[in-house]
Amino acid sequence: MADPLHTVAAPLREAFAAVTGLPAADIDPVVRNSDRADAQANGALALAKQLGRNPRELAEAVVATGLLADLCSNTEVAGPGFINLTFTPEFLSAQVAEAAASDRVGVRRAATPEIAVVDYSAPNVAKEMHVGHLRTTVIGDALVRMLEFVGHTVIRENHIGDWGTPFGMLIEHMVDLGGVDAELTIDLSDPSAFYKQARAKFDASDEFKDRARARVTLLQSRTDAPTMAIWQKLVDKSADYFDVVYGKLGVLLRRDDIVGESFYQPMMAAMLDRLDQAGLLAESEGAKVVWVPGFKNREGEPLPLIVQARTGGFNYATSDITCVLDRVERLHATLLVYCVGTPQSQHLQMVFKASEMLGVLVPPARAVHVNNGNVLGDDRKILKSRSGEPAMLLDLVDAAIERGRAIVAERSPELPADEKAELANTIGIGALKYAELSSDRIKDYVFDWSRMLALEGNTAPYLQYAHARICSIFRKAEVSRASVRGVTPTIGQSQERALTLQLLQFDAAVHDTLDKFSPHRLCTYLFDLAQAFTSFYEACPVLKDGYEATRESRLALCDLTARVLQQGLALLGIEAPERM
Ligand code: ARG
């Protein structure tokens, strides 16, 4: 386990057990990062309280066991009973060598592999993908990659809006245009055009409104072949458009990952029966509802979760409870991740609670709403396009690639055309995704092209450049990266030590990011790593004449840094070019 904070926990546990008489397995030595030393063990505080002992004395006794001597060159009790730990260079060298030897660069697998469903992106049929989908798509995709990396079985689900009342007017509009064979092309510069036409008709004509309503009933009965064929065509055309966006954005979502609202339709009646049998179904103003405790409306009255409208129709909540059921009972998922904007928080919490009351969403199964705030423009309102509508995702993606091109033209004019195009993509899309991932997802952030594309600061280009620079060190030295992988580096200078400690925390950074479902934690880690590398590279000559003795060792640290940067960016869905 190439994480010294983790490794040192074992002898600490033994030492605490020896001085307290408690079983080692029950002890948490509480090892943390520290500014004073390489790490700090704070376990004495809680244990002393539990045993009615003096925490400082307990800490001193732990140190006196001598059990830490193999790993630490210095152990010092500070404050109320913290143990400051300074690792021996040999221990750090061995841990780096261990990380370098593993193809997971030191990242542990999850203790209990699970089946995880990640619900992300989720655009609506016949509508455009806008800036809000940048967040749900990019965050979800990064979490999918990380969950897979630590060994979970991940099922991606794109819960598209492909059912419900708007389909009445959409299908009817298609009928007016000639039915299923009528031409339907999605204009990439205005993907909602068809929807807007249908809507305009709906608003203008009562006759059309009536037809649209009748069509919804027909659709929901699933008995009319022509209706189903038109519906399918609408869904397919939209899926083609989503694929264009996903392809350019470089996310993992594929056609097969689409499991839209319609999928749950045939199972909803049975789900309502189960709610009824469980005694959870109530009537409220003609609708069938579940009273979920703890939720109130603006007037402070209990808020019902409506699962069947007065008209008999099913709605968003019906589909989402059925969806929980499907994920738990058919897919056997124990971790249900929902990457959906904050405005749907109440809806999802009510759905989760209702599913819990139904006995479906019970441990070990659990659901997490990985919510996100808004992407803002300079005016601090949701980022808009020139027309005043929310910015379209495809426009942002194209603009990012265009800006990547400008950077490449300026910095790497010597590259062949195809490499230039690829690098422009890597830089532009990388910057766009990283701007998204590096800000705390629950907060709003202001969209700023020049900041996200800057070569300085916590940006993708900065990290990509750090990676490319290391690759160029090896090119210059004419040494293959693989050839230094078996080298156990010597940790001498303080910058080497700082870089080493940072490298060894990749494992903790990945697991911590997943614990909180917060990709910005991994971003912060990678940024700190790149900075530790810069300090190292300034202070510790690698290829200079006169430094032959340390060359291999330092090249080994360079190689591991590049690998962690590359792997870390890959977990975020971002590529690390070898030249830039
Ligand atoms: N299609 C929905 C929307 O655009 C998001 C769906 C999110 N997933 C879910 N299971 N409710 O608002």
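Here is what the cut-offs are and how they apply
- Residues numbered from 1 in each chain as written.
- Predicted model: local features only at pLDDT ≥ 70, side-chain atom pairs only at ≥ 80, totals over all residues.
- Heavy atoms only, no water.
- Buried < 20%, exposed > 50% of the residue type's maximum accessible area, 1.4 Å probe, protein only.
- Helix = DSSP H or I, 4+ residues; strand = E, 2+ residues; numbered from the N terminus.
- Arc of directions from axis to C-beta.
- Contact = heavy atoms within 4.5 Å.
- Phe/Tyr/Trp six-rings, centres within 6.5 Å; stacked < 30°, edge-to-face > 60°.
- Near = heavy atom within 4 Å.
- Polar contact = N/O pair within 3.5 Å; in protein donor to acceptor, adjacent residues only side chain to side chain.
- Areas by Shrake-Rupley, 256 points an atom, 1.4 Å probe, with all protein chains shown as cover.
- Nonpolar A, V, L, I, M, F, W, Y, C, P; charged D, E, K, R; others polar.
- Pairing = 2+ DSSP bridges.

Within the span of helix 4 (residues 55-64), buried status applies to Leu58, Ala59 and Val62. Looking straight down helix 4, one finds that the buried residues subtend no more than 100 degrees of arc, so they occupy a single side. Opposite the buried face of helix 4, by more than 90 degrees, sit the exposed residues Glu57 and Ala64. Buried residues in helix 4 make contact with helix 2 (9-20), helix 3 (43-51), strand 3 (72-78) and strand 4 (82-87).

Time to look at the packing of aromatic side chains. One pass over the full model with this rule turns up 10 aromatic pairs. Where Tyr338 meets Phe352, the ring centres are 5.0 Å apart and the plane angle is 55 degrees; that geometry is what we call tilted. Of this pair, Tyr338 sits in strand 10 (residues 335-339) while Phe352 sits in helix 14 (residues 345-357); the two residues are 14 residues apart in sequence, bridging distant segments of the chain. On the accessibility criterion, Tyr338 (1% relative accessible area) is buried. Residue class for Phe352 comes out buried when judged on its relative accessible area of 6%. The interplanar angle of 25 degrees and the centroid separation of 5.8 Å between the aromatic rings of Phe506 and Tyr525 together place this pair among those described as stacked. Highlighted residues: Phe506 in helix 20 (residues 506-516) and Tyr525 in helix 21 (residues 519-539), separated in sequence by 19 residues. The same class applies to Phe506 as to Tyr525, namely buried. In textbook terms, an aromatic cluster arises when at least three aromatic residues are bridged by ring pairs, as seen for Phe533, Phe536 and Tyr537.

Taken together, Asp119, Ala122, Asn124, His159, Gly161, Tyr316, Asp320, Tyr338, Val340 and Gln344 form the complete shell of residues around the ligand. Here a nitrogen atom of the ligand and a side-chain polar atom of Asn124 are 2.9 Å apart. If the ligand stood free it would expose 350 Å²; the protein chains cover 87% of that surface. Along the lines of polarity and charge, the residues of the shell around the ligand split into four nonpolar, four polar and two charged.

On the basis of which strands lie adjacent, the open sheet formed by four strands has the order 1-2-4-3 and antiparallel pairing. Two strands lie at the open edges of the sheet, namely strand 1 (31-32) and strand 3, each paired on one side alone. Taken together, the two bridges between strand 1 and strand 2 (residues 39-41) define a ladder with antiparallel strand orientation. Following the sheet pairing, Val31 is matched in strand 2 by Ala41.

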